[in-house]
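Spelled out, the chains give:
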Amino acid sequence: MWSSGENIDNVYRAIEDDLRQQVSELRAKSSGAQPRLAIVQVGGREDSNVYIRMKLRAAENIGILTDYIRLPRDYTQTDLLTKITALNESPLVHGIIVQMPLDSKHQIDAHLITDAVSSHKDVDGLNTENEGRVAIGDFSGFLPCTPAGCIELIKRTGISIAGKRAVVLGRSRIVGTPVAELLKWENATVTVCHSKTNDLSEITKTADILVVAIGRPEMVRGSWIKPGAVVIDCGINPIPDASKRNGQRIVGDVAYAEAVQVAGHVTPVPGGVGPLTVAMLMRNTVLAARRQLQRLLLPAWPLQVLRLNPQTPPPSDIVIARSQKPKHIARLAEEIGLFPSEVSQYGSTKAKISLSVLDRLRDQRGGKYIVVAGITPTPLGEGKSTTLLGLVQALCAHRGRNAFACMRQPSQGPTFGVKGGAAGGGYSQVIPMEDFNLHLTGDIHAVTAATNLLAAQMDARIFHELTQKDGPLYDRLVPKVKGVRKFSAVQLRRLKRLGIDKTDPDSLTNEERTQFARLNIDTNKIMWRRVVDLNDRYLRKITIGQSPTEKGFTRETAFDISVASEIMAILALGKDVEDIKQRLASMVVALDTSGQPVTADDLGMTGALLVLLRDALEPTLMQTLEGTPVLVHTGPFANIAHGCSSILADRIAIQLAGERGFVATEAGFGSDIGMEKFFDIKCRASGDTPHCVVLVATVRALKMHGGGPPVAPGLPLHHDYVQENVELLKKGLCNLGKHISNGNAFSVPVVVAINRHGNDTEVELKLVKEFAEASGAFRAVVCEHWARGGAGALALADAVIEACAAPSHFSYLYPLSLTIQEKVLTIAKQMYGAGQVEYTDEVLEKIKVFTAMGYDKLPVCMAKTSNSLTGDPAVKGAPTGFTLRVTDMFVSAGAGFVVPVCGEISKMPGLPTRPSIYDIDLNTRTMEIEGLF
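Residues numbered from 1 in each chain as written. Predicted model: local features only at pLDDT ≥ 70, side-chain atom pairs only at ≥ 80, totals over all residues. Heavy atoms only, no water.

Trainee: How would you explain the side chain of T146 if you had to name every residue and give the values?
Mentor: When you line up the elements, T146 lands in helix 6 (residues 145-156). Of the residues examined, T146 reaches a relative accessible area of 16% and is grouped as buried. Leave out the neighbours within four places in its chain, and T146 touches V175, C234, V273 and T277. (Helix = DSSP H or I, 4+ residues; strand = E, 2+ residues; numbered from the N terminus. Buried < 20%, exposed > 50% of the residue type's maximum accessible area, 1.4 Å probe, protein only. Contact = heavy atoms within 4.5 Å.)

Trainee: Hey, could you go over the nonpolar core for me, with residue numbers and the actual values?
Mentor: Membership of the largest hydrophobic core comes to 183 residues, with the highest contact counts inside it found for L621, F679, L736, V752 and L796. Setting aside its immediate chain neighbours within four residues, V752 contacts L695, A697, L736, I740, A772, A777, R779, A780 and V781. Grouped together as the second largest cluster of nonpolar side chains are 51 residues, A166, V168, V175 and I209 included. (Core = buried A, V, L, I, M, F, W, Y, C linked by side-chain atoms within 4.5 Å.)

Trainee: Can you explain the sheet that holds strand 1 (residues 36-42)? Please cite residues and give values.
Mentor: Strand pairing in a sheet takes place through backbone hydrogen bonds and is either antiparallel or parallel in direction. Taken in spatial order, the 3 strands make up an open sheet running 2-1-3, and their pairing is parallel. Every other strand in the sheet has two partners, leaving strand 2 (65-71) and strand 3 (95-98) as the edge strands with one partner each. In this sheet, neighbouring strand axes are inclined to one another by 15° on average, regardless of whether the strands run parallel or antiparallel. Looking at chain direction, strand 1 and strand 3 are connected through 4 bridges and run parallel. Note that in strand 3 the partner of L37 across the bridge is G95. (Pairing = 2+ DSSP bridges. Axes fitted to C-alpha atoms, helices over the stretch in contact; angles between N-to-C directions.)

Trainee: Talk me through the state of the cysteines; I want residue IDs and the actual numbers.
Mentor: Evaluated as defined, the whole model comprises 0 disulfides. C234 provides the cysteine sulfur closest to C150, a residue in no disulfide bond, and the two sulfurs are 3.5 Å apart. You can call C150 buried: its relative accessible area is 0%. Of all cysteine sulfurs in the structure, the one in C234 sits closest to C193, which takes part in no disulfide; the separation is 14 Å. (Disulfide = S-S within 2.5 Å.)

Trainee: Which residues make up a nonpolar patch on the surface, and what are the values?
Mentor: A cluster of nonpolar residues, V50, Y51, I236 and I250, forms a patch on the protein surface that exposes about 320 Å² of accessible area. Assignment of secondary structure puts I236 in the loop between strand 7 (230-233) and strand 8 (237-240). (Patch = residues over 30% accessible without salt bridge, like charges linked within 9 Å, V, L, I, M, F, W, Y side chains within 5 Å. Areas by Shrake-Rupley, 256 points an atom, 1.4 Å probe, with all protein chains shown as cover. Salt bridge = Lys/Arg side-chain N within 4 Å of Asp/Glu carboxyl O.)

Trainee: Please set out the pairing of strand 30 (residues 836-839) residue by residue, giving values where relevant.
Mentor: The alternating pattern of strand 30 places V837 and Y839 on a buried face, while none of Q836 and E838, on the opposite face, is buried. Taken together, the 4 bridges between strand 30 and strand 31 (residues 883-886) define a ladder with parallel strand orientation. Among the inter-strand pairings, Y839 is bridged to a residue of strand 31, identified as V886.

Trainee: Break down the sheet that holds strand 6 (residues 209-212) for me, citing the residues and quoting the values.
Mentor: Spatially, 5-4-6-7-10 is the arrangement adopted by the 5 strands of the open sheet, whose pairing is parallel. Each of the sheet's edge strands pairs with one partner strand only, and the pair in question is strand 5 (189-193) and strand 10 (265-266). Where strand 4 (residues 165-169) meets strand 5, 5 bridges bridge the pair, whose relative direction is parallel. For L169, the partnering residue across the bridge sits in strand 5 and is C193. In the packing of helix 7 (residues 176-185) onto the sheet, the strands contacted are strand 4, strand 5 and strand 6, and the crossing angle to strand 4 comes to about 170°.

Trainee: Before we move on, can you summarise the packing of aromatic side chains with the specific residues and values?
Mentor: One pass over the full model with this rule turns up 10 aromatic pairs. Taken together, a centroid distance of 6.3 Å and an interplanar angle of 75° make the contact between F463 and F553 edge-to-face. Remark: F553 occurs in the loop between strand 19 (542-544) and strand 20 (555-557) and F463 occurs in helix 17 (residues 443-467); sequence separation between them is 90 residues. For F463, a relative accessible area of 18% puts it in the buried group. Note on Y474 and F516: the rings are 5.9 Å apart at their centroids and 75° apart in plane angle, and the pair reads as edge-to-face. In this pair, Y474 sits in helix 18 (residues 470-477) while F516 sits in helix 20 (residues 510-517), placing the two residues 42 residues apart along the sequence. Among the residues examined, Y474 registers a relative accessible area of 0% and is labelled buried. By way of ring pairs, the aromatic residues Y369, F678, F679, F746, F810 and Y812 are connected into one cluster. Sitting above the plane of the Y832 ring, K864 keeps its charged end 4.8 Å from the centroid. (Phe/Tyr/Trp six-rings, centres within 6.5 Å; stacked < 30°, edge-to-face > 60°. Lys NZ or Arg CZ within 6 Å of the ring centre and 35° of its normal.)

Trainee: Tell me about helix 14 (residues 384-398), and please be specific about residues and values.
Mentor: When the terminal C-alpha atoms of helix 14 are compared, their 20 Å separation across 15 residues agrees well with the 21 Å that a helix rising 1.5 Å per residue should span. Of all the 15 residues making up helix 14, 14 are buried; the element is thus mostly covered by neighbouring parts of the structure. G400 lies just past helix 14 and shows a positive phi near 70°. (Expected span 1.5 Å × (residues − 1).)

Trainee: Lay out the environment of D241 in plain terms, naming residues and giving numbers.
Mentor: Looking at where D241 falls in the secondary structure, it is placed in the loop between strand 8 and strand 9 (248-251). Judged by its relative accessible area of 13%, D241 falls in the buried class. A polar atom in the side chain of D241 sits 2.5 Å from the side chain of S243. Among the polar contacts made by the side chain of D241, one reaches the side chain of R249 at a distance of 3.0 Å. (Polar contact = N/O pair within 3.5 Å; in protein donor to acceptor, adjacent residues only side chain to side chain.)

Trainee: Give a description of the packing of helix 21 (residues 566-573) against helix 22 (residues 577-586) that names residues and reports values.
Mentor: Two numbers describe a pair of packed helices, the interaxial angle and the distance between the axes. It is the contact of helix 21 with helix 22, at a shortest axis distance of 9 Å, that shows an interaxial angle of 155°. Between helix 21 and helix 22, the crossing angle belongs to the class labelled roughly antiparallel. For the pair helix 21 and helix 22, the crossing hand works out as right-handed. Contacts from I567, I570, L571 and L573 in helix 21 reach D579, I580, R583 and L584 in helix 22. Class assignment of the residues belonging to the contact of helix 21 with helix 22 gives a composition of 6 nonpolar, no polar and 2 charged. (Parallel < 35°, antiparallel > 145°, perpendicular 65-115°, else oblique. Left-handed = near helix turned anticlockwise from the far one by under 90°. Nonpolar A, V, L, I, M, F, W, Y, C, P; charged D, E, K, R; others polar.)

Trainee: Before we move on, could you go through unusual backbone geometry and cite the residues and values that matter?
Mentor: The phi angle of most residues is negative, glycine excepted, and most peptide bonds adopt the trans form. Omega for the peptide link from V269 to P270 comes to -5°, which places this bond in the cis form. One can find P270 in the loop between strand 10 and helix 10 (273-296). Each neighbour pair has its own omega, and for I431 with P432 the value is -5°, a cis peptide bond. Considering the arrangement of structural elements, one finds P432 in the loop between strand 16 (428-431) and helix 16 (433-437). Of note in this structure, N187 is not a glycine but carries a positive phi near 75°. Position of N187 relative to the elements: it lies in the loop between helix 7 and strand 5.

Written out as C-alpha cells, the structure is:
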C-alpha cells in the first residue's frame with residue numbers, strides 16, 4: 001500500500017536508473033544521440049517554474065540535455081509558432097514540451113500550440129495525432145505522460161489489469177480520456193464518469209481500479225471505494241490551511257485519510273502521480289532520441305521507389321523524363337534521413353542541403369566510394385553519366401541498398417552547343433532534366449559573378465594606382481568614417497603579410513603606407529580572366545579599357561567559360577567553409593612588377609567572394625527516374641580542371657548512405673584524365689578512400705580506336721559502327737586494356753561496364769567482356785540501363801557490391817615530394833603510355849619560378865585533350881613511347897594544383913555551324929521546354 005510517497009519514490013528511482021542506462025548506451029553508439037529536451041515557457045508563473053525545475057533536475061540526473069527557452073509575456077501566438085517550428089526542424093532537439101498554462105498578454109490557442117509540436121517530438125503526448133493513435137491502440141507515437149504514469153503505477157502493484165473493472169472519473173483531454181483509452185487497450189472493462197453521471201458513488205464502488213482526475217478537492221470519500229481497489233489520484237488542489245506558512249496545503253481529488261483505510265493501494269498527493277508524470281516525460285524523451293538514432297542506423301532507407309514503364313524502342317530523353325512524376329523533394333529528403341532545417345527547397349523538385357549535416361553525422365560510418373570513369377571517348381560520349389545513374393538505380397531501387405549518385409552541374413556551353421546536357425539518358429536520368437541542364441539553383445551563375453567581381457576589382461585597382469599618388473591612394477583605401485579611420489579585417493591580413501605589425505592607420509610611416517597601398521600589378525603577368533557560362537569564340541581574345549574614362553589604360557585579355565574558373569575548382573575541392581575561404585584568399589590573380597604573387601586577399605576580395613558563393617557552397621538534392629537520390633554540386637571541366645563533383649557533396653552522401661551504402665561519383669572523360677585527377681587531386685584533398693572504379697566502355701568507341709572512320713555529332717554513323725566487325729573491334733581493345741591498367745595502378749578494383757548500344761552483337765559484347773577480364777578487370781558486365789533503367793544494370797550493381805567488399809589497398813600515383821617534372825613524367829608514362837616529356841623554354845622558366853614559390857609541392861592537374869591518350873586528338877588506340885609536349889603551365893594556388901598544358905587547350909569553347917540552339921524552344925501554350933537532350 002502507498003501509505004506515503006516512499007514506495008512511489010522507489011518506482012521512480014527504478015525508472016530513472018533504467019533511463020540513465022539507456023542514455024549511456026545511446027551515447028556509446030553516437031555522441032549526437034544524447035537525448036535533448038527543449039522546454040518552452042511563456043511568461044513566468046511560479047507554479048510553472050516549480051514544475052520546470054523538477055523536469056530540469058530529472059533530466060540532469062538521467063543525462064538528458066535540456067534547452068530551457070524562457071519567452072516574455074508579450075510573446076504572440078505567431079511568435080510562439082515560429083519558435084516551435086524552428087525546434088521541430090532542428091536535428092539536435094529530440095523532444096519538445098510547451099509548459100502550460102501560457103502566461104501571455106495576448107490570446108493564444110493552447111490546443112493550436114500543442115498541435116504545432118511535431119508528433120515525432122511531442123514527448124508530452126498532447127499532439128492530436130499522438131492522441132488519436134492512443135485511441136486506436138497504436139502506441140508507435142508518444143503516450144501522454146500523466147496517463148502513462150498512472151498505468152505504470154497500476155502495473156507496479158503487481159495486479160493484472162486485464163479483465164478488471166476500471167472506472168475513470170473525468171474526461172479531460174490531458175488525463176481522463178487518454179487514461180481510459182490506455183486501460184481499455186490493457187483489456188480492462190472501462191467506465192468513464194463525468195459531471196453529468198448519475199449515482200457516481202455507486203459506480204465507483206464497482207471499480208477494481210479507480211482513476212480520479214476531476215479537479216475537486218477530496219470529492220471521492222472512502223465509502224465510494226471498493227475494498228482492496230487500486231486508487232490513482234491525479235488531482236492537485238490547494239485548500240486553506242492556517243498551519244501552513246503560505247496559508248494553504250495541497251490535496252488530491254480523493255480523501256486520502258479515508259481511502260487509505262479501504263483501498264489496497266492509493267497514491268498520495270503530493271508525491272504520487274506527479275513524479276511518475278515527470279518520469280514518463282523523461283522516458284518519452286529517451287525514446288525520441290532512440291528512434292532518431294534507429295532511423296539513422298536503418299540498414300536501408302524507407303525509400304518510395306518510382307516505377308518505370310520502359311517502352312521499346314525508348315522515346316527521346318525529354319519524353320521519358322516528362323513521363324515520370326518526381327516525388328516531392330521534401331519527401332525524398334525525409335526518406336534519406338534529412339531534417340527540414342537541413343533542406344532549403346527550390347520548388348518541389350530540388351533543394352539545397354545544409355553542410356550542417358556533416359557535423360550531425362560526424363560519428364556515422366560512411367559507405368563505399370565508387371568512381372565512374374571511361375575509356376577514351378568518341379565525340380558522342382560513351383554514357384558515363386547514364387551508367388552512373390543506372391548503377392545507383394540498380395543498387396538503391398532494385399537491390400535495396402542506400403545509394404547516392406554525385407554529379408557535376410552541367411555547363412550551358414555544351415547544353416546549347418553540340419554535346420547537349422548531362423542528365424544521363426534513356427531510363428537512367430536525373431529529373432527534371434530541364435532544371436538539371438539549365439540554371440538549376442544558380443551555382444554556376446554565382447561562380448560567374450564572383451569571378452567577374454574579382455576581375456573588376458583587379459582592373460579597378462590597377463587604374464586607381466596608375467591615376468593617383470601615394471598619399472591620396474592610401475587615404476581612399478583607409479578613409480575616415482565619422483572622424484575615425486580603421487583597417488578592415490582583410491586589410492589587417494595584408495599588413496601582416498607585409499610584416500607591418502600595426503593596427504592604427506595613422507601610425508604607418510610614408511614608406512609603409514606606400515607598401516600597403518600599392519600592389520604594383522604587372523599587366524603583362526595577369527592570370528585572372530572574366531568568365532561567362534556560354535560557348536563564345538569571339539571572347540577568346542579581347543581588349544578592355546577602351547572607353548575614354550579609362551584614360552588609355554587598355555590591355556588584352558580573354559574570357560573563359562565559367563566552369564573553367566579556379567573558383568569552381570575551389571568549391572569542388574574545399575573540405576569545409578573555412579577551407580574554401582582560405583583557398584579563395586590564396587588565389588593568385590597576377591604577379592607584381594617584382595615577380596611576387598598578388599592574391600585575391602591582397603585585393604580585399606575574400607569576404608565578398610564568399611558572400612556571393614554562400615548558397616553555392618551547398619549541394620543540390622535531386623532524384624533519378626526511379627526516385628533515388630542524386631546530389632549535384634560544382635562542375636569543373638576535366639580537360640582543363642580536375643573534372644569531379646565536390647568533396648562536400650560526396651561527404652554528405654557518404655555519411656547519409658551509412659556503412660552499408662554506396663556513393664558513386666563521376667570523373668570526367670577517360671581514366672587518363674578524370675580518374676587520375678579524382679585519385680591524385682580530389683581524394684588527396686579529401687582524404688577519402690575509394691573502393692571501386694567503374695570503367696565505361698562501348699563497342700562503338702573501341703571500333704573507333706581500332707581504326708574506324710571518324711565519329712562526329714550530327715552525322716550518321718559509318719556502317720562499320722552499325723554492323724558486326726570483330727576485326728576492327730579487336731584492334732581497338734588495346735585502349736580498353738590501357739584504361740583497365742590505369743585503374744589497377746591505384747590498387748583499386750576495376751569493374752568494366754559495357755554500355756550496350758542497339759547495333760552491338762552478342763559476339764562483339766562477349767569479345768569485349770572476355771578481353772576485359774583477361775586484362776585485369778575485377779569483372780566485366782554488359783549493361784542495358786539506357787533501355788531498362790536500374791533493372792538493366794543489376795549485374796553491374798552486383799559486381800560493384802562484390803568489388804567493394806574486398807579490402808581497399810588504394811594508393812596515389814606519386815608523392816607530393818617529387819618535383820613538378822617528375823610528377824608530370826610519372827603521369828605521362830603510367831597513365832598515357834608516353835616515353836618522355838618535352839617542355840618549351842618558357843615552361844621551364846615557369847617551373848623554376850613556381851618551384852621557388854613552393855608550388856612544386858602541389859599535385860599536378862594535366863590539361864590535355866580528352867580525345868586521345870596522347871597530346872594529339874587525332875591519335876587513337878593506345879600508343880606507347882611517344883613524346884608528350886608541355887606548351888604552357890600555370891598555377892591555381894587556391895585550388896591547390898599546378899596545371900601543365902599539353903598542346904592547344906582552349907578554356908573558351910566555340911559554337912559549331914549547327915549548335916543545339918536550333919532545336920531548343922519554349923512551348924508558349926504549355927510553357928514546356930522543347931529540344932533539350
